[in-house]
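Working through the structure, step by step
This is what each chain is made of:
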Amino acid sequence: MRQQWRDGVGKLVVQGAAGDVGLPLEIASSYRARTRGLLGRDAVDGVLLLSPASSIHTVGMRIPIDVAYLDWRLNVIAVRTMKPGRLGLPRLRARHVLETEAGAMVGWGLRVGVRVKVEVGVDGDME
């Protein structure tokens with residue numbers, strides 16, 4: 001089952017033991033949107049999904065970010081915090097990447113082994 005989305009918005013659901021957490025989601029699936037990513041932003045409202053993607057960089061970014069690499073089933077396979085000006089190592093099993101402000105993923109319970117769900121076209125203003 002191959003996930004394929006279009007640029008747009010939705011909701012990311014982090015499925016945790018204490019319950020699900022819904023977050024505003026921005027989807028970047030076109031080459032142009034993935035290339036732009038979080039460049040030039042001073043803050044992130046929710047989370048950005050880059051798809052397809054297996055590596056990222058923070059060259060030209062203004063803020064440190066949390067990065068989660070997802071496999072094709074949307075399971076988290078790695079989580080990293082990256083400072084601006086860095087190149088991330090490619091993850092061979094990664095098919096998608098989530099980006100948000102540094103420190104946010106810990107609060108959401110987003111860690112290795114957790115599964116996420118993407119809901120497209122849903123208002124992401126949830127808690």
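Above this text sits the structure in question.
Here's a quick rundown of the structure. Small disclaimer: the values here were computed from a predicted structure and weren't measured.

What follows deals with the pattern of salt bridges. Scanning the model with the defined rule gives four salt bridges in all. One salt bridge in this structure joins lysine 11 and glutamate 119, with 3.4 Å as the shortest N-O distance. Here lysine 11, found in strand β1 (residues 8-16), pairs with glutamate 119, found in strand β7 (residues 115-120); they are 108 residues apart in sequence, far enough to count as distant. A residue is classified by how much of its surface remains accessible, and lysine 11, at 12% relative accessible area, is buried. Among the ionic pairs, arginine 41 bridges to glutamate 26, the shortest N-O distance being 2.9 Å.

Between serine 51 and proline 52 the backbone carries a cis peptide bond, its omega angle lying at -5°. Mapped onto the elements, proline 52 comes out in the loop between β3 (47-50) and β4 (65-70).

Among the six residues in β4, six count as buried, and that is most of the element. Residues Ile65, Val67 and Tyr69 of β4 are buried on one face, and the alternating residues Asp66, Ala68 and Leu70, pointing to the opposite face, are buried as well. Here β4 runs beside strand β5 (residues 76-82); their pairing, made up of six bridges, is antiparallel. Each bridged residue has a counterpart across the sheet, and for aspartate 66 the counterpart in β5 is threonine 81. Linking β4 back to β5 in an antiparallel pair, the connection comprises five residues, with leucine 74 at a positive phi of about 70°. Across six bridges, the pairing between β4 and strand β6 (residues 96-101) is antiparallel. Within β6, the position partnered with isoleucine 65 by the bridge is glutamate 101.

Each value, and the rule that gives it
Residues numbered from 1 in each chain as written. Predicted model: local features only at pLDDT ≥ 70, side-chain atom pairs only at ≥ 80, totals over all residues. Heavy atoms only, no water. Salt bridge = Lys/Arg side-chain N within 4 Å of Asp/Glu carboxyl O. Helix = DSSP H or I, 4+ residues; strand = E, 2+ residues; numbered from the N terminus. Buried < 20%, exposed > 50% of the residue type's maximum accessible area, 1.4 Å probe, protein only. Pairing = 2+ DSSP bridges.

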